[in-house]
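# Structure at a glance
Listed below are the residues making up each chain.
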Amino acid sequence: MASRLWATKAASYLRISVPYRGFATGTWTLLICLLPTNAVIKDLKYADSHEWVKVEGNSATVGITDHAQDHLGDVVYVELPEEGTEVTQGASFGAVESVKATSDINSPVSGKVVEVNSKLNDSPGLVNASPYENGWIIKVEMKSADELTCLMDPDQYSKFCEEEDAKH
Amino acid sequence: MAVSQTRNLGLPLINLLRLKGVPILQQLHLEERLLRTSSDNWCIINDGTIDPTIVMGISGKPQELLEIESILRDDIPVIRRFTGGGTVIVDQGTIFVTFICNKDAVPGLQSYPQPIMSWSSLLYKKVFQGIEISGFARMIDYASCTAVVLSDYVLGDRKFGGNAQSITKNRWVHHTSFLWDYEISNMGYLKLPKRAPEYRQARDHLEFICRMKDYISRSSFIDRTIEAVGSEFLLRSAELEDAHCTLGSKFEPSSRLLRKQELGEAIFKSLTASQS
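Quick caveat: nothing in here was measured; it's all calculated off a predicted structure.

### Brief notes about the side chain of Asn117(A)
All names here are of chain A.
- Inspection of the secondary structure puts asparagine 117 in the loop between strand E8 (111-116) and helix H4 (119-122).
- For asparagine 117, a relative accessible area of 4% translates into the label buried.
- Within the local environment of asparagine 117, its side chain forms a polar contact with the backbone oxygen of asparagine 134, the two atoms lying 2.9 Å apart.

Printed below as a string of structure tokens:
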């Protein structure tokens, strides 16, 4: 909520209006209901740093969530690791650039990078357009499935995002 | 990672590090180390840098952004920094202000690019209040019907400062280079960028930028900035030695000087692209 206050103050100074999703009454209610909310996909697991992981056997596909890409803005560059790089749960393995900012991408699982999405070199916007499918970032040969217990399921992640956005 | 520092009187603590003439690569390395290995909040003010140096963002392509032949001829250093954003040429006339903060240092601030830029725009509003320099560039994005707050600082439609950021899981850095003064001849090393805000309207550098020195003294700008920071944080003066003491020894910064060979290869790429 407070982050909205920062943006509101800045908007007021600049004499611009910025629409927000949020609690609304009266004539705004219908409009707010029609605004898209960030997608959360079933059968994926989620990290509190807003990455998702799809597990198939001991192979894990990793990307950033719709919530993350929405908050980051247009992605113009993705810094990818090299194949063979070791990744550790919770640690950074790469970055995205958006709106003059580089933002770390953290791995939800530990293991070895076996494939990177090289399409992101020419089309970084896939991260925005298709965060859960064509915008995947790396594939990892996992060290241990036990680490998955530290991650959130879709419902937990949805609630986490709501709480996080409500705090700012 | 780290927890936020103890608050005093409700304000978070920030270490204020004042530098003068520190080479920009050294400054960037310090920033990156403090971002990744310190648990304190830091405000770094570097009053000018010794030699004219070109600094590109993380994804900058020399062949698109730079007049490489002139740069090689005149032996101008080119750095690729760890933050996003565009290309600048900095020198003794540039004043750098950097914030390196824990994600919960500023109450209610989400560590994403736009909220951080909104926060900094309000801080600098205090710095420039009452002075003719005012206003921040804004661009209307008709596709989404929102007004996007840019990170450029302008007088009218001429830019005098720009910033960039890097955001980790628990910390962020937001750094700004202010054109207090500049050499006209240095701007000739930069090409017109392909990605530019609409308000630039394809103007070349000399038509696009302006000097802060025409509106505010160097010392006044720095003093006002420190005062503004002091309204949001509890200031603690720090020395460069203090910063080095807190740093982890194993971290290797990614900001680096491009080799002449790399710049030469970029010329080749540019020629190849133009022929295809």
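### Considerations on the pattern of salt bridges
Residue and element names in this part refer to chain B.
- This structure, assessed with the given rule, holds 12 salt bridges over all chains.
- A salt bridge links lysine 20 to aspartate 47; the nearest nitrogen and oxygen atoms lie 3.3 Å apart. On the criterion of sequence distance, the pair formed by lysine 20 in strand E1 (residues 13-21) and aspartate 47 in strand E2 (residues 42-49) is long-range, its members being 27 residues apart.
- Aspartate 74 is the salt-bridge partner of arginine 73, the closest N and O atoms lying 2.9 Å from each other.
- Given the relative accessible area of 62%, arginine 73 is considered exposed.
- Among the residues examined, aspartate 74 registers a relative accessible area of 31% and is labelled partly exposed.
- Residues joined by salt bridges that share partners form a network here, namely Lys20, Asp47 and Arg218.

### Digging into the sheet that holds strand E5 (residues 88-90) of chain B
Residues and elements named next belong to chain B.
- Read from one edge of the open sheet, four strands run E5-E3-E4-E12, paired in mixed fashion. Looking at strand neighbours, the two that pair on one side only are E5 and strand E12 (256-257), the edges of this open sheet.
- Pairing analysis gives two bridges linking strand E4 (residues 78-80) to E12, with the strands arranged antiparallel. Its bridge partner lying in E12, arginine 80 is registered against arginine 256.

### Considering the UniProt feature "domain: Lipoyl-binding" (unreviewed entry) in chain A
- The UniProt record marks residues 59-141 of chain A with the feature "domain: Lipoyl-binding" (unreviewed entry), using the residue numbering of this structure.
- From the first C-alpha to the last, residues 59-141 of chain A spans 5 Å; its make-up is 18% helix and 43% strand.

### Some thoughts on unusual backbone geometry
- Within the chain, Asp43(A) stands out as a residue other than glycine whose phi angle is a positive 70°.
- By relative accessible area, which is 74% here, Asp43(A) ends up exposed.
- Phi is positive for Asp75(B), close to 60°, though the residue is something other than glycine.
- In this fold, Asp75(B) is placed in the loop between helix H3 (68-74) and E4.
- By relative accessible area, which is 51% here, Asp75(B) ends up exposed.

### Observations regarding the sheet that holds strand E9 (residues 138-142) of chain A
Residues and elements named next belong to chain A.
- The strand order across the open sheet formed by six strands is E1-E2-E3-E9-E8-E5, and the pairing between neighbours is antiparallel. Across the chains shown, the open sheet's two edge strands, defined by having one partner strand only, are strand E1 (45-46) and strand E5 (86-87).
- Examined bridge by bridge, strand E2 (residues 51-56) and strand E3 (residues 59-64) share six bridges and lie antiparallel to one another. Its bridge partner being in E3, glutamate 56 is matched across the sheet by serine 59.

### Describing helix H6 (residues 218-230) of chain B
Residues and elements named next belong to chain B.
- With 13 residues, H6 extends 19 Å between its outermost C-alpha atoms, agreeing within 8% with the 18 Å of an ideal straight helix rising 1.5 Å per residue.
- Looking at H6, one finds that the buried residues are Arg218, Phe221, Ile222, Thr225, Ile226, Ala228 and Val229. Down the axis, H6 shows its buried residues gathered within 160° of arc, on one side only.
- Among the structural elements, E1, E2, strand E6 (94-102), helix H4 (113-128), strand E10 (171-179) and strand E11 (234-238) are those in contact with the buried residues of H6.

### Notes on the pairing of E1(B)
- As defined by bridge partners, E1(B) adjoins E11(B) across five bridges and the pair is classed as parallel. Across the sheet, Leu13(B) pairs through a bridge with Leu234(B), a residue of E11(B).

### Section: the state of the cysteines
- This model, assessed by the stated rule, comprises zero disulfides over all chains.
- Not part of a disulfide, Cys101(B) finds its nearest cysteine sulfur in Cys43(B), a span of 8.4 Å.

### Some points on the packing of aromatic side chains
- A complete count under the given rule lists 11 aromatic pairs over all chains for this structure.
- Summarising the aromatic geometry, the rings of Trp119(B) and Phe233(B) are spaced 6.3 Å apart at their centres and angled 90° between planes, so their arrangement reads as edge-to-face. Highlighted residues: Trp119(B) in helix H4 and Phe233(B) in the loop between H6 and E11, separated in sequence by 114 residues.
- Relative to Phe160(B), the ring of Phe128(B) lies with its centre 5.4 Å away and its plane at 80°, an arrangement referred to as edge-to-face. In this pair, Phe128(B) is assigned in helix H4 and Phe160(B) in strand E9 (residues 158-167), connecting sequence segments 32 residues apart.
- The buried category is assigned to Phe128(B), whose relative accessible area is 4%.
- Three or more aromatic residues link up through ring pairs in this structure, and these residues are Tyr124(B), Phe128(B), Phe160(B), Phe178(B) and Phe221(B).
- Stacked on the ring of Trp136(A), the Lys or Arg Lys139(A) has its end atom at 4.8 Å from the ring centre.
- Cation over ring: Arg211(B) sits above Tyr182(B), and NZ or CZ is 4.2 Å from the ring centre.

### Details of the nonpolar core
Residue and element names in this part refer to chain B.
- Of all hydrophobic cores here, the largest spans 35 residues; its most connected members are Phe99, Tyr124, Trp172, Phe178 and Phe221.
- Mapped onto this core, the elements with two or more residues apiece are E1, E2, E6, H4, strand E8 (146-155), E9, E10 and H6.
- In terms of residue count, the dominant contributor to this core is H4 (six residues).
- Not counting residues within four places of it along the chain, the set of residues in contact with phenylalanine 178 comprises Gly93, Thr94, Ile95, Val97, Tyr124, Phe128, Tyr153, Phe160, Gly161, Met212 and Phe221.

### Some details on the pairing of E8(A)
All names here are of chain A.
- Sheet topology note: the E5/E8 ladder contains two bridges and is antiparallel. Bridge pairing links glutamate 86 to lysine 112 in E8.
- Relative to E9, E8 runs antiparallel, the two being bridged by five bridges. Note that in E9 the partner of glutamate 115 across the bridge is lysine 139.

Cut-offs used in this document
Residues numbered from 1 in each chain as written. Chains lettered and ligands numbered in written order. Predicted model: local features only at pLDDT ≥ 70, side-chain atom pairs only at ≥ 80, totals over all residues. Heavy atoms only, no water. Helix = DSSP H or I, 4+ residues; strand = E, 2+ residues; numbered from the N terminus. Buried < 20%, exposed > 50% of the residue type's maximum accessible area, 1.4 Å probe, protein only. Polar contact = N/O pair within 3.5 Å; in protein donor to acceptor, adjacent residues only side chain to side chain. Salt bridge = Lys/Arg side-chain N within 4 Å of Asp/Glu carboxyl O. Pairing = 2+ DSSP bridges. UniProt positions renumbered as here; feature names shortened; annotations may be inferred. Expected span 1.5 Å × (residues − 1). Arc of directions from axis to C-beta. Contact = heavy atoms within 4.5 Å. Disulfide = S-S within 2.5 Å. Phe/Tyr/Trp six-rings, centres within 6.5 Å; stacked < 30°, edge-to-face > 60°. Lys NZ or Arg CZ within 6 Å of the ring centre and 35° of its normal. Core = buried A, V, L, I, M, F, W, Y, C linked by side-chain atoms within 4.5 Å.

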